[in-house]
Amino acid sequence: MAFDEILLETDQCNKCGFCLPACPTYQITGNELASPRGRIAMVEALARGEIGVGPGLSESLDYCLGCRACETACPSGVHYGVILEAGRTRLREERGGSGREPWLVRQALRQVGNPRRLARMIGLARRLKDFPMPRKLKRFTPMLGPTQSVPAPIQSIASPTSPSVQFFNGCVMSAVFPEANQAARNLLVMSGVVVQEPSNQSCCGALHWHAGDKETAMGFAKRNIVSFEDNPGWVVNTAGGCGAMLLEYRTLLADDRDWQERAERFSARVRDWSTVLMQLGQPLRMRGQRERVTLQNSCHLVNVEKAGDDAVALLEQIQDHEFSPIAGQNTCCGSAGVYNLTHPDWALKILDQKMADVRTVSPQRILVNNPGCQLQMQWGAQRIADDLTVEVEHLATYTYRAAMRGRQP
Ligand code: SF4
Ligand code: SF4
């Protein structure tokens, strides 16, 4: 799509402002340029040639979390995500590619395509986090929780008529939280599903696309589409951010005649693991540990996959625990890909608001369904550790323990 065609999307916005209260960056600033309406107006003005690429535009778009809460709130069905990505891609082109990106962003984009290297780096960071290091890096170490043990794979009980799914690992999930992926695979197997793992799958490309590097994202998308084409079953994953990106391959490749249909077929098969369990009628008996838990629902799962209710429904089916939702359960925690690395001050303001919501419920455990949220909420748990002890865990490992407890007499 030529950049000025984005006017077809921006014209859908009637500037009513209904999206403003849903926007975390508008909430913390009260600034129109940090709102969806202001950002849409900036991209529109750029496409009309009324403004150039300057600090105002770049700051307005850079500070957007990409959480898409504005899309859910918009009564006119404006595709904010498409407008944002078009603006960011244009910005990146004008800036001359990756050379102007902050060092941390360049490193993150380089590492995510290689889960083994990423796992080694995270392991090293966990070991070194208590040693002296530059303040710029030290401030992020509270994100790194302890290493968790990975559950053993469960033997399949499938029959020839069992449904089969293809599991998308995701590079950050498999490098940093492999226990959650294995827990989800085990839950699917316990529910009678055959779980396959296509071997040539790659990074979903979300971080690249959101940074405006559409070309690299398209390369990852094509590789994944080919890798998952052998089997028509659902493409299942445990990360709200990856799931949303996989779902958006249909948008990313919409202008590519050779790939648009294949991308459409692929995206139509994408499901979160919790959605699959609920669509199977959730056959497992699950028991908690008589503790109070709350949920930080991934904003991409809620606003893009529209599957946040499945995570809630799953939690409501677990016996012997108290599920206490927080006020901002479905709003962004401030993680947003690498946002908490590139804009830590705003990310912390959003996180502190989230932790204030958590305090009102006083849970023993915060459950998450996205790796970025897990890192961010671990940071949040450290920030309130003086007056509340709270664990942070992926919903899949928690549910798996509950299902194993439910098997006991
Ligand atoms: S994006 Fe939607 S809700 Fe927001 S100002 Fe435009 S039309 Fe209104
Ligand atoms: S994506 Fe999120 S942060 Fe960005 S404008 Fe929409 S609601 Fe605000």
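Residues numbered from 1 in each chain as written. Chains lettered and ligands numbered in written order. Predicted model: local features only at pLDDT ≥ 70, side-chain atom pairs only at ≥ 80, totals over all residues. Heavy atoms only, no water.

### Some details on the pairing of strand β3 (residues 234–237)
Argument step 1. Note: strand β1 (residues 164–167) against β3, three bridges, orientation parallel. Residue pairing for β3: Gln 166 is matched across the bridge by Val 235.
Argument step 2. Two elements, β3 and strand β4 (residues 270–272), share three bridges in a ladder whose sense is parallel. Each residue of the ladder has a partner; that of Val 235, found in β4, is Val 270. (Pairing = 2+ DSSP bridges. Helix = DSSP H or I, 4+ residues; strand = E, 2+ residues; numbered from the N terminus.)

### Points about the site of ligand 1
Argument step 1. Around ligand 1, the structure places Cys 13, Asn 14, Lys 15, Cys 16, Gly 17, Phe 18, Cys 19, Ile 40, Cys 74, Pro 75, Ser 76 and Val 78.
Argument step 2. Taken together, the residues of the shell around ligand 1 sort by class into eight nonpolar, three polar and one charged. (Near = heavy atom within 4 Å. Nonpolar A, V, L, I, M, F, W, Y, C, P; charged D, E, K, R; others polar.)

### Regarding the domain arrangement of the chain
Argument step 1. For the chain, the domain assignment lists domain 1 (3–95) and domain 2 (282–407).
Argument step 2. Inter-centroid distance (C-alpha atoms) of domain 1 to domain 2 is 28 Å.
Argument step 3. On the side of domain 2, 13 residues touch domain 1, which itself brings 14 residues to the contact.
Argument step 4. Summed over both sides, the interface of domain 1 with domain 2 buries roughly 1200 Å², with 71% coming from carbon and sulfur.
Argument step 5. Counting the surface domain 1 buries against domain 2, the share from its top three residues, Ile 28, Tyr 63 and Leu 65, is 46%.
Argument step 6. The interface formed by domain 1 and domain 2 holds five residue pairs in polar contact (both at pLDDT 80 or more) in total.
Argument step 7. Secondary-structure elements contributing two or more residues to the side of domain 1 that touches domain 2 are α2 (24–29) and α5 (69–73).
Argument step 8. The element contributing the most residues to the side of domain 1 that touches domain 2 is α2, with four residues. (Domains from an automatic or database assignment. Contact = heavy atoms within 4.5 Å. Buried area = accessible area lost by both parts, 1.4 Å probe. Polar contact = N/O pair within 3.5 Å; in protein donor to acceptor, adjacent residues only side chain to side chain.)

### Structural notes on the sheet that holds β1
Argument step 1. Across the sheet, four strands lie side by side as β2-β1-β3-β4; this open sheet has parallel pairing. Strands with a single pairing partner mark the edges of an open sheet, and in this sheet they are β2 (194–196) and β4. For this sheet, the mean inter-axis angle between neighbouring strands, taken without regard to orientation, is 40°.
Argument step 2. In this fold helix α14 (residues 240–247) packs onto β3 and β4, with an angle of close to 150° to the strand it touches most, β3. (Axes fitted to C-alpha atoms, helices over the stretch in contact; angles between N-to-C directions.)

### Notes on the packing of aromatic side chains
Argument step 1. Tallied over the entire structure, the rule returns four aromatic pairs.
Argument step 2. Here the aromatic rings of Phe 168 and Phe 228 are separated by 6.1 Å at their centres, their planes lie at 45°, and the arrangement is tilted. Taken as a pair, Phe 168 in the loop between β1 and α10 (171–176) and Phe 228 in the loop between α13 (214–227) and β3 lie far apart in primary sequence, 60 residues in all. Both residues of the pair, Phe 168 and Phe 228, belong to the buried class.
Argument step 3. A connected cluster of aromatic rings, assembled from ring pairs, spans Phe 168, Phe 228, Tyr 249 and Phe 266.
Argument step 4. Over the ring of Phe 167 we find Arg 185; its NZ or CZ atom is 5.0 Å from the centre of that ring.
Argument step 5. Above the face of the Trp 259 ring, Arg 262 is positioned so that its terminal group lies 4.4 Å from the ring centre. (Phe/Tyr/Trp six-rings, centres within 6.5 Å; stacked < 30°, edge-to-face > 60°. Buried < 20%, exposed > 50% of the residue type's maximum accessible area, 1.4 Å probe, protein only. Lys NZ or Arg CZ within 6 Å of the ring centre and 35° of its normal.)

### Let's talk about the site of ligand 2
Argument step 1. Surrounding ligand 2, one finds 13 residues, the nearest of these being Cys 23, Cys 64, Cys 67, Arg 68 and Cys 70.
Argument step 2. Residue assignment for the shell around ligand 2 shows that the elements contributing at least two residues are α2, α3 (36–47) and α5.

### Here we look at the sheet that holds strand β5 (residues 292–296)
Argument step 1. One open sheet accounts for four strands, arranged β6-β5-β7-β8; its pairing is parallel. At either end of the open sheet lies a strand with only one pairing partner, and these are β6 (322–323) and β8 (391–394).
Argument step 2. When strand β7 (residues 365–368) meets β8, the two strands line up parallel, connected through four bridges. Note that in β8 the partner of Val 368 across the bridge is His 394.
Argument step 3. Set on the sheet, helix α22 (residues 371–383) makes contact with β5, β7 and β8; between it and β8 the angle comes to about 170°.
Argument step 4. Together, β5, β7 and β8 form the strand contacts of helix α23 (residues 395–407), whose direction differs from that of β8 by roughly 85°.

### Structural notes on the environment of Leu 375
Argument step 1. Residue position: Leu 375 is located in helix α22.
Argument step 2. Measuring from C-alpha to C-alpha, the distance between Leu 375 and Glu 393 comes to 9.9 Å, with 18 residues separating the pair along the chain.
Argument step 3. Look past the residues within four positions of Leu 375 in its chain and what remains in contact with it is Met 143 and Phe 177.

### A look at the pairing of β7
Argument step 1. Here β7 shows no split at all, with Arg 365 and Leu 367 on one side and Ile 366 and Val 368 on the other all buried.
Argument step 2. Chirality of the crossover, the property in question, places the unit of β7, α22 and β8 among those that are right-handed. (Right-handed = clockwise from strand over helix to strand, strands pointing away.)

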